[in-house]
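Close look at the chain arrangement
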Amino acid sequence: MSTVAKEFKPEQIIEQLDQARTLAFSMPDTYPQVLRQILNFVHNPDKSIQKWCVKFLHESFVKNDKLKQHDKIDLALDTLDSLIFLSNVKDIDTFESVIDISSVIYKLVFQYVAENVGCNQVWSKLTELKNSLVNKFQSNYPLEPSDNAEHDMLRNIHTKVELLKFIIIVIDYQSQTNVVNANGDSTPPPDTFSLNKVSSTHALIKYSNMEYESKSLLDLVLKVFSYDILIPPLLSAILNHCVIIMKRKPQYANKILNIIENYDTNTKFQSNYQSVESFKLSKKYVDRALKIFIQHVLRHNLVPSNYQNSLNKKLTMLIDRGNDIRKKNIFNIEEPNIKKRKFEGFLNSAKKIKTIDYKNLYCLNDVDNELNNFDLTTVPQNILVSMVINALGKASVTKLSKALEIIGERYTDAVESNVVAAPTVKKEIKQERQGFDDEDDEDGPTGYDPDSVYTLPPPTELSFQEKKDHISIIIKNFFNLAKNANIVSVEDKDDSKTQNGEINVSKELTKIAIKSWKKDSWIILLTRLATRGMRSADEGKSPDDRANSEISDMIRNAIFDYFLDNIHGRIDLIIEWLNEEWYSEKVFNEEIAIKKTVSSDGLHIQIETPIYNKWAGKVLDAMIPFLEPNDRKIFIRLMSDLPYLNEDLVGRIKSLCLDPVRSKIGFLSLQFLIMYRPPVKQACINILQELSNSDQEDLKEEASKLHAKYK
Amino acid sequence: MVTDSLKICTVCASNNNRSMEAHKQLKDAGYDVKSFGTGSAVRLPGPSIDKPNVYEFGTPYEDIYNDLISQNCRKMYEANGLIHMLDRNRHVKPAPEKWHSNSYAGKFDLVITCEERCFDSVMDDLMFRMYSRNDESDVKQIVHVINVDIKDDNENALLGGKGILKLVTMIHEFRQKKKDAVEDESDVILEDQMMSILTEWQKENTHLPTLYGISYY
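Residue numbers restart at each chain and count upward from 1, following the sequence in its written direction. Here every chain gets a letter starting at A, and every ligand a number starting at 1, in the order they are written. Since the coordinates come from a predicted model, pLDDT governs what is reported: local features require at least 70, and pairs of side-chain atoms require 80 or more to be given and counted, while whole-chain, interface and lining totals use all residues. Hydrogens and waters are ignored; side-chain quantities use all the structure's heavy atoms.

Spelled out, the test is: UniProt positions are given in the numbering used here, feature names are shortened, and annotations may be inferred rather than shown by experiment.
As recorded by an unreviewed UniProt entry, chain B carries the name RNA polymerase II subunit A C-terminal domain phosphatase SSU72 and is attributed to Scheffersomyces stipitis. What the UniProt record of chain B gives under Subunit (unreviewed entry) is the line "Component of the cleavage and polyadenylation factor (CPF) complex."

As annotated in an unreviewed UniProt entry, chain A is Symplekin/Pta1 N-terminal domain-containing protein from Scheffersomyces stipitis. Within the UniProt record for chain A, the comment given under Subcellular location (unreviewed entry) is "Nucleus".

Put into structure tokens, the structure is as follows:
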């Protein structure tokens, strides 16, 4: 039926559905079959069909005597999936109907599960439906959240008071009932269903889980009393439901009465979304609802003795308060103690732009606020900058992002809607469009097509030379960072003003922009740019990749030259760079090797690191001639901290040993490597052997001695 | 007849003066309206303050009318407006009805009471109905209950009726607003905006103090 349905127009489908409905009502025997067929249409993307189905389900389950009870139960089981789906359809009317249908179905299915075994699947669906509904009580579902929590408390009260009905049913079914009688005693219920009727050893319906959930749901509902503002419709709706709990669940009476006893409208704040007049009325209305509730529970003996005195006192107080204002004009009563709640939202949070100009695009405070007319262009730039930076520093991240979100939506709205743009904006859009697409000039006299969404022109491709120029600039900037004493770690607390009292803007900006900037951060960024940023996956074969590796080498050369300027002082930097170099190359080549080798022994492939080897060699070659006899420590440090050594690299130590003045450094390094770097042990021993055949006597002697010791 | 009218009822103590005046005005304006009394019986002024005319709810206005004009104090009843009131009532509906036994009348969206005592009585009775009736296949429906406090005399009943008609019209017009026309749907949800509507109305009608709450049937 549903596949055929695709060929029909929505109106035709609805016409057929109407006929099916008529059939069901005129021949009740066909009703179950009709309903099951109609469930196939619930997922129809056409809203009018979906709404028709919801309406039909509502009239089928709510107050319908055409359906026999056992059919109703079977159909309720079959309807669970559709209801779960519908409970997430974002439409207030649909959701309201879903709540009603679920209220009936929840009861039917709960009883069914209680009385039958092996209903795991049904039970989990029922639980899913229940959770889908109750989880929406605290949100504004199906509305989207507004710009702040206070506003959301006051939005979509309608759905909240509807959901309340369902939540109270769940609390009622999932906890034990003891009805309070006229004399205040409580007895098990005569013929209504509740947890009492479920076997205490039921496999799915566990008493402890059920009662825990009931209690949590009641807490959720009662949380509204802890709000610091007044919502009379919601509060009175909750109080009216609380009497059911008071009557049937004496175990929760203390919880409710404790809240009522301590509730006082005088401690609440005026909401930012209501006038003081509205707040005065709210107080009066809520006080009245409390009075009626207390009177009711006292009169019907629903109050445990320990609360009677305090509730009677509270009642007298509320009656007096009501009598005081009854005949007065409530708005003229002086109430100096009214305080407004702290405002957390935006005065102008509209997401649709009213007039298309920049003021209306960005304005988040009251549009008529005089402050908006202040001309900021008269403020000197340095003061303006410090104001902005200060403001950014103080703004909360969530509020700032909410603000940007609002402005973003306004912008999108302005672009998408067909509103004729104000001349200023229109002109700018026109110029931009002409800038990147000349063909559009013939479109019309304005060249502006409001239907098209404006996108930025794509950036033009840089030539290789341009890229190289830019990289040079980037490298230069990095070394400036290294040299510039002003860029210091943010942790280094100092005053942000220069000697003449002006604010050091770049330092302030650094504080905001790069919070974790450290003294050495530049070398990490630069080495990673060379080793990872410029590397691509095609193994240096494409022209692009060759260009990239050339750029990488520019950076390496720059770092290398920087090192040569001060070999003794910059050894740490070189170790850091070469470690980055080796690690990146190793990981990168390993990935390629694994991709190439499908077999499992792929992991044992020797991974070569030619780039690292080349630059490590260059560093050693550059360094060794300049080593002084007392540079022992830094050289051994380098040999120890380089990530990888091979025979070729170690071989460069030979020249040190040959120099009579520095031979000590050479031999010490070889000994160190023999002892602490086993992978190059043999290479070092080979060097010693080679040296022991030297024609220099002292060298020969030292080398032979060590060779004999370690071979 | 107003299209898409809320189901409304007006309530006072005896379902004769205030609720009937409002009933008439709302009915004349085309609203779907009924009316009830919350007293234990229909009490109308009698020859003296300690001798009221008492009738059971359900006694036709026609009968009460005939009873009053047959009494010796007929002239007094004519002078104090009682006869005129019953004459009006019998043209609006047959007999005074009692709130507490009105389940036959169906559910209402909006109940307007004319006295704080009646508001309390309606709210209290709705609370009682919350747990005393148990139809498993029925679901409860939201009802807005508003009290507009009106002094129980001819002139005030007339003014009060006008105020109630204005309030109902404001609520009705609010409900006609289209969802699509607003940015935030909350702006057209009655429960979200009821406090603003009541505040606005109260500012214009400071002589008619209000109460308000949401209950369920």
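1. A word on the overall build of chain A
Selection rule: Numbering of helices and strands starts at the N terminus; helices are DSSP runs of H or I of at least 4 residues and strands are runs of E of at least 2. In these tables, accessible area is a Shrake-Rupley quantity obtained with a 1.4 Å probe, and a residue counts as shielded only by the protein chains included in the view.
Helix and strand counts for chain A stand at 30 helices and 2 strands. As displayed, chain A offers around 37800 Å² of accessible surface, 53% of which is attributable to carbon and sulfur atoms.

2. Focus on the overall build of chain B
This is how the line gets drawn: Type-normalised accessible area, obtained with a 1.4 Å probe on protein chains alone, sets the label of each residue: buried when under 20%, exposed when over 50%, and partly exposed for intermediate values. The criterion used for residue contact is that any of the two residues' heavy atoms lie within 4.5 Å.
From N to C terminus, chain B includes 7 helices and 7 strands. In sequence order, the secondary structure elements of chain B are arranged as β-α-β-β-β-α-α-α-β-α-β-α-α-β. Going through the 217 residues of chain B one by one, you find that 58% of them count as buried. Taking all contacts inside chain B whose residues are at least 6 apart in sequence as the whole, residues at least 24 apart take part in 73%. Element-wise, carbon and sulfur atoms account for 50% of the exposed surface of chain B, whose accessible area totals about 9200 Å².

3. Topic: the environment of A:Arg556
With respect to the element layout, A:Arg556 can be found in helix α22 (residues 543-565). Sequence-distant contacts of A:Arg556, that is, excluding residues within four places in its chain, are made with A:Ala530, A:Thr531, A:Ser549, A:Trp577, A:Glu581, A:Ile611 and A:Trp615.

4. Examining the sheet that holds strand β7 (residues 210-216) of chain B
All names here are of chain B. So the rule is basically this: Here, a strand pair is defined by DSSP locating no fewer than two bridges between the strands. Axis definition: a line fitted to C-alpha atoms, limited for helices to the stretch in contact. Angles are taken between N-to-C directions and run from 0 to 180 degrees.
Pairing within the open sheet is mixed, and its 5 strands lie in the order β2-β1-β5-β6-β7. Looking at strand neighbours, the two that pair on one side only are β2 (32-37) and β7, the edges of this open sheet. For this sheet, the mean angle separating the axes of adjacent strands, direction not counted, is 20 degrees. Looking at chain direction, strand β1 (residues 7-12) and strand β5 (residues 110-113) are connected through 4 bridges and run parallel.

5. Here's the deal with the interface of chain B and chain A
Heads up, the rule is: Buried area, as used here, totals the accessible surface that two parts lose on assembly, with accessibility defined by a 1.4 Å probe and the loss added over both. By definition here, a salt bridge exists when the distance from a side-chain nitrogen of Lys or Arg to a carboxyl oxygen of Asp or Glu is within 4 Å. We define a polar contact as two N or O atoms separated by no more than 3.5 Å, with the added condition that, inside protein, one atom must be a possible hydrogen donor and the other a possible acceptor, whereas residues neighbouring each other in sequence contribute only through side-chain atom pairs. Amino acids outside the nonpolar list (Ala, Val, Leu, Ile, Met, Phe, Trp, Tyr, Cys, Pro) and the charged list (Asp, Glu, Lys, Arg) are all regarded as polar, and Gly is one of them.
Between chain B and chain A, the contact holds 41 residues from the first and 59 residues from the second. Summing the contributions of chain B and of chain A, the shared interface buries around 4400 Å²; its carbon and sulfur component is 57%. Three residues stand out in chain B for area buried against chain A, namely B:Met127, B:Tyr131 and B:Glu183, and they jointly supply 16% of the buried area on that side. We note a salt bridge from A:Arg155 to B:Asp184, for which the minimum N-O separation is 2.8 Å. Linking chain B to chain A there are 19 residue pairs in polar contact (both at pLDDT 80 or more). Mapped by element, the contributors of at least two residues to the side of chain B that touches chain A are α5 (116-132), α7 (190-204) and β7 of chain B. In terms of residue count, α5(B) provides more of the side of chain B that touches chain A than any other element does, 9 residues in total. Looking at the side of chain B that touches chain A, its residues break down into 16 nonpolar, 10 polar and 15 charged.

6. Looking at a negative patch on the surface
Which entries qualify depends on this criterion: Patch criteria: residues need more than 30% relative accessible area and no salt bridge. Like-charged residues are merged within 9 Å; nonpolar side chains of Val, Leu, Ile, Met, Phe, Trp and Tyr are merged within 5 Å. A positive count includes Lys and Arg, and a negative count includes Asp and Glu. His and the chain ends are not counted in either. Note that the charge is assigned to NZ on lysines, CZ on arginines, CG on aspartates and CD on glutamates.
Taken together, the side chains of A:Asp695, A:Glu697, A:Asp698 and A:Glu701 present a region of like negative charge at the surface. Assignment of secondary structure puts A:Asp698 in helix α30 (residues 697-710).

7. A few points about the pairing of strand β3 (residues 42-48) of chain B
Residues and elements named next belong to chain B. Looking at chain direction, β3 and strand β4 (residues 51-55) are connected through 4 bridges and run antiparallel. The residue of β4 that forms the bridge with Leu 44 is Asn 53. Between β3 and β4, which pair antiparallel and follow one another directly, the connecting turn spans 2 residues.

8. As for the nonpolar core
For clarity, the threshold we go by: Throughout, nonpolar core names a set of buried Ala, Val, Leu, Ile, Met, Phe, Trp, Tyr and Cys residues whose side chains join them through atoms within 4.5 Å.
Within the largest apolar cluster, 170 residues are counted, with the highest numbers of intra-cluster contacts made by A:Phe110, A:Phe293 and B:Val111. Looking at this core element by element, the count peaks at 12 residues for helix α6 (residues 92-115) of chain A. A:Phe293 has contacts with A:Leu239, A:Cys242, A:Val243, A:Met246, A:Ile256, A:Leu257, A:Ile260 and B:Met127, leaving out every residue within four places of it along the chain. If you look at the next biggest cluster of nonpolar residues, it comprises 58 residues, including A:Ala616, A:Leu627, A:Leu645 and A:Ile674.

9. Some points on the pairing of β1(B)
Residue and element names in this part refer to chain B. Cut-off, in case you're wondering: Orienting the strands away from the viewer, one traces the path from the first strand over the helix to the second; a clockwise path indicates a right-handed crossover.
Across the 6 residues of β1, 5 count as buried, placing the element largely inside the fold. As paired elements, β1 and β2 share 6 bridges and run parallel to each other. Bridge pairing in β2 links Val 11 to Phe 36. Tracing the backbone out of β1, into helix α1 (residues 18-28) and back to the parallel element β2 gives a crossover that is right-handed.

10. Side note on the packing of aromatic side chains
Test applied: Pairs were defined over the aromatic rings of Phe, Tyr and Trp, the Trp ring being its six-membered one, requiring ring centres within 6.5 Å. Orientation was assigned from the angle between planes: stacked under 30 degrees, edge-to-face over 60, tilted for the rest. Over a ring means this: the NZ of a Lys or the CZ of an Arg is within 6 Å of the ring centre and within 35 degrees of the ring normal.
In this structure the tally under the stated criterion is 22 aromatic pairs over all chains. Between A:Trp52 and A:Phe56, the aromatic rings sit 5.5 Å apart at their centres with planes inclined by 10 degrees, giving stacked as the arrangement. Taken together, the positions of A:Trp52 and A:Phe56, both in helix α4 (residues 47-61) and 4 residues apart, correspond to about one turn of that helix. An identical accessibility class is assigned to A:Trp52 and A:Phe56; each is buried. A centroid spacing of 5.7 Å and a plane angle of 75 degrees characterise the contact between B:Phe128 and B:Tyr131, whose relative ring orientation is edge-to-face. In this pair, B:Phe128 and B:Tyr131 both sit in helix α5, 3 residues apart, roughly one turn of the helix. Owing to a relative accessible area of 36%, B:Phe128 belongs among the partly exposed residues under this scheme. Classification of B:Tyr131 as buried rests on a relative accessible area of 11%. One aromatic cluster in this structure is built from A:Tyr106, A:Phe110, A:Trp123, A:Phe166, A:Tyr173 and A:Phe193. It is A:Lys136 that lies over the ring of A:Tyr141; its NZ or CZ is 4.6 Å from the centre. Over the ring of B:Tyr65 we find B:Arg90, and its NZ or CZ is 3.9 Å from the ring centre.

11. A few points about a nonpolar patch on the surface
Residues and elements named next belong to chain A. Side chains of Phe 374, Leu 376, Ile 383, Met 387, Val 388, Leu 392, Leu 400 and Leu 404 sit close together on the surface and give an oily, nonpolar patch of about 730 Å² of accessible area. The set of elements that each furnish at least two residues to the nonpolar patch consists of α16 (381-394) and α17 (397-416). The element contributing the most residues to the nonpolar patch is α16, with 4 residues. Position of Met 387 relative to the elements: it lies in helix α16. Residue Met 387 is classed as partly exposed on the basis of its relative accessible area, which comes to 42%.

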